[in-house]
Amino acid sequence: MIIILSMVYISLEEGLEILTKRFGEKGRTGEVLLPDALGKIAGEDIVSAEDVPPFPRSPYDGYAFRSKDSEGASADNPKVLNIIEEVPAGSYPLRSVGENEAVKILTGAPIPYGADVVEKYEKTEFTDNLVKIFEPLKKGSNIVPKGEDISKGDHVFRKGDVFSPADIGVLASLGISSVLISSPLKIAIIPTGDELVEVTEPSGEGKIRNSSAYALTARLREIGTDPHICDIAGDDIKEISDAIRKEEESDVIITTGGVSAGDYDYIPEVMNSLGADILFHKVAMKPGSAYLAAAFNDKPILSHSGNPGAAYVSLEMLTKPFLYRYSGRNDWENKKIKALLKEGFPKKSPQRRFLPGRLSVEDGKAVIYTSQRQGNGMLSHLGKAFVYADIPAGTGRIDPYDAVSAYISI
């Protein structure tokens, strides 16, 4: 029996809201060693237990002394101080600095007690025992204070922050060798369609290679999830249903193909056969309108178009921000900007349209370069795309260098 579903096109924003409200945050965490934390999501707040740096230090090779001992110093009337000690980086001062005394200090070394300024060595004249100061210095000059970078008690990272390379260094500076992270989502990708063959098989005679699954898997891995490609399922309700049921260990299931409204588009019927809750079917956007979201055993099933280009744009504009939010990431939404569309766009857009492109700067203005060869079934134009011009429904021809809104995909 064929079940006919009424399909109501919803907006991209409505679809994202439905998904984020329905599934919230996965909330599974695990601990990883510091080198493995890059690109991962913090699973808890991290508060500094110490100051960085842990002591006031010198940013230069030079001499540390009391600022009051440089009062009135000039080229004609230098102040002469006695050198009482030398402190290289990695050592600690043994003596306090008193009146008319100085300590020779190297970059990174702790400031000796009593000293409150440092003068660069190239601005001084010195012997083994004496140093001449030729200018007055204010208290605190040329000293890196304790806790300049991070103070004890600072919230260094919030739950949901993504660790960058510099963040790994920050964690190391705090003596943190392992961190709690939000565990990467396990994502099963189930390609469907009798027309699909594996990449090792010949195409032609009505067959095409399974490119969508590989493109989606690569992008999903790039954004920090743990995807795997399942065997191709043919255009058969039971075969697709069985493939979904097998993925008990996956957090999210993504399917490609069979999501439109044709005689061989079985995904809606598959959802009904599984007893899944269909959240929405069809999104008002091009490419990527063929999209179905469902919940099966409280697990998201996100069904994308069988057309590679359409599936990829759907992933970027809808699936990816949802996955970020589901993972617990703070910056989960695509960032919106204004930019100029370099080549314009000659077609009318009766439906909201996304144009993939790359972003550049011309004369201080953001400019989007798009390929003139674009299509639902094409992937080649998406290779360098990380910005998507957002063309509202009802827009006519767009002239070169007209301003448009766009989303940056991170």
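This section reports on the structure supplied with the text. (Residues numbered from 1 in each chain as written. Predicted model: local features only at pLDDT ≥ 70, side-chain atom pairs only at ≥ 80, totals over all residues. Heavy atoms only, no water.)

Side note on the side chain of Arg353
Here comes step 1: Along the chain, Arg353 turns up in strand β21 (residues 353-362).
Here comes step 2: Buried and without a salt bridge, Arg353 has Asp390 as its closest oppositely charged side chain, separated by 9.7 Å.
Here comes step 3: There is a polar contact of 3.1 Å between the side chain of Arg353 and the backbone oxygen of Lys348.
Here comes step 4: Setting aside anything within four residues of it in sequence, one finds Arg353 in contact with Lys286, Phe345, Lys347, Lys348, Ala389, Asp390 and Ile391. (Helix = DSSP H or I, 4+ residues; strand = E, 2+ residues; numbered from the N terminus. Buried < 20%, exposed > 50% of the residue type's maximum accessible area, 1.4 Å probe, protein only. Lys, Arg positive; Asp, Glu negative; His and termini not counted. Salt bridge = Lys/Arg side-chain N within 4 Å of Asp/Glu carboxyl O. Polar contact = N/O pair within 3.5 Å; in protein donor to acceptor, adjacent residues only side chain to side chain. Contact = heavy atoms within 4.5 Å.)

Some remarks on unusual backbone geometry
Here comes step 1: Between Val52 and the following residue, Pro53, the backbone shows a cis peptide bond with an omega angle of -5°.
Here comes step 2: Inspection of the secondary structure assignment puts Pro53 in the loop between β3 (46-47) and β4 (62-65).
Here comes step 3: Following Lys286, the chain continues to Pro287 via a peptide bond in cis, the omega torsion being -5°.
Here comes step 4: In this fold, Pro287 is placed in the loop between β17 (277-281) and β18 (292-296).
Here comes step 5: One non-glycine residue, Asp363, lies in the positive phi region at around 50°.

Regarding the packing of helix α1 (residues 12-23) against helix α6 (residues 308-327)
Here comes step 1: It is at 10 Å that the axes of α1 and α6 come closest, and there the two elements cross at 25°. Classified by the angle their axes make, α1 and α6 are roughly parallel. Here α1 and α6 pass one another in a crossing that is right-handed. Between α1 and α6, the contacting residues are Leu12, Gly15, Leu16, Leu19, Thr20 and Phe23 on the first element and Met317, Leu318, Pro321, Phe322, Arg325 and Tyr326 on the second. (Axes fitted to C-alpha atoms, helices over the stretch in contact; angles between N-to-C directions. Parallel < 35°, antiparallel > 145°, perpendicular 65-115°, else oblique. Left-handed = near helix turned anticlockwise from the far one by under 90°.)

Quick word on the nonpolar core
Here comes step 1: Counting 38 residues, the largest nonpolar core has Leu19 and Phe280 as the members making the most contacts within it.
Here comes step 2: Taken together, the elements giving at least two residues each to this core come down to α1, β12 (186-191), α3 (211-222), β16 (252-256), β17, β18 and α6.
Here comes step 3: No other element matches the 10 residues that α6 contributes to this core.
Here comes step 4: Setting aside chain neighbours within four positions, we find Leu19 in contact with Gly24, Leu279, Phe280, Tyr291, Ala293, Leu302, Leu318 and Phe322. (Core = buried A, V, L, I, M, F, W, Y, C linked by side-chain atoms within 4.5 Å.)

Quick word on helix α4 (residues 237-246)
Here comes step 1: What α4 keeps buried is the set Ile240, Ser241, Ala243 and Ile244. In a view along the axis of α4, the buried residues occupy a sector of 160°, so they form one face of it. Exposed residues pointing more than 90 degrees away from the buried face of α4 are listed as Lys238 and Lys246.
Here comes step 2: Against β12, β16, α5 (267-274), β18 and β19 (299-304) lie the buried residues of α4.
Here comes step 3: The distance from a side-chain oxygen at the start of α4 to the backbone nitrogen of Lys238 is 3.1 Å, and the residue carrying that oxygen is Asp236. (Arc of directions from axis to C-beta.)

Remarks on the pattern of salt bridges
Here comes step 1: Under the counting rule described, the total for this entry stands at 21 salt bridges.
Here comes step 2: Residue Lys26 is joined to Asp251 by a salt bridge in which the shortest nitrogen-to-oxygen separation is 3.6 Å. Remark: Asp251 occurs in the loop between α4 and β16 and Lys26 occurs in the loop between α1 and β1 (29-33); sequence separation between them is 225 residues.
Here comes step 3: Since its relative accessible area comes to 6%, Asp251 is described here as buried.

Details of the pairing of β16
Here comes step 1: Within β16, five of the five residues are buried, leaving the element largely enclosed by the surrounding structure.
Here comes step 2: The alternating pattern of β16 places Val252, Ile254 and Thr256 on one face and Ile253 and Thr255 on the opposite face, and all of these are buried.
Here comes step 3: Where β12 lies against β16, five bridges are found, and the strand directions are parallel. Its bridge partner lying in β16, Ile189 is registered against Ile254.
Here comes step 4: Across four bridges, the pairing between β16 and β19 is parallel. Residue pairing for β19: Thr256 is matched across the bridge by His304. (Pairing = 2+ DSSP bridges.)

Remarks on the packing of aromatic side chains
Here comes step 1: Summed over the entire model, instances satisfying the criterion amount to seven aromatic pairs.
Here comes step 2: Where Phe157 meets Phe163, the ring centres are 5.2 Å apart and the plane angle is 80°; that geometry is what we call edge-to-face.
Here comes step 3: What makes Phe163 buried here is its relative accessible area of 2%.
Here comes step 4: Members of the aromatic cluster, each reached through a chain of ring pairs, are Phe23, Phe322 and Tyr326.
Here comes step 5: Cation over ring: Arg22 sits above Phe23, and NZ or CZ is 5.1 Å from the ring centre.
Here comes step 6: The aromatic ring of Tyr60 is capped on one face by Lys120, whose charged end is 4.5 Å from the ring centroid. (Phe/Tyr/Trp six-rings, centres within 6.5 Å; stacked < 30°, edge-to-face > 60°. Lys NZ or Arg CZ within 6 Å of the ring centre and 35° of its normal.)

Structural notes on the packing of α4 against α5
Here comes step 1: Here α4 crosses α5 at 60°, and the two axes come no closer than 9 Å. When the axis of α4 is compared with that of α5, the two are oblique. Regarding α4 and α5, the two cross each other, and that crossing is right-handed. Two secondary-structure elements touch here, α4 through Ile237, Ile240, Ser241, Ile244 and Arg245 and α5 through Ile267, Glu269, Val270, Met271, Ser273 and Leu274.
Here comes step 2: Of the residues contributing to the contact of α4 with α5, the split by class is seven nonpolar, two polar and two charged. (Nonpolar A, V, L, I, M, F, W, Y, C, P; charged D, E, K, R; others polar.)

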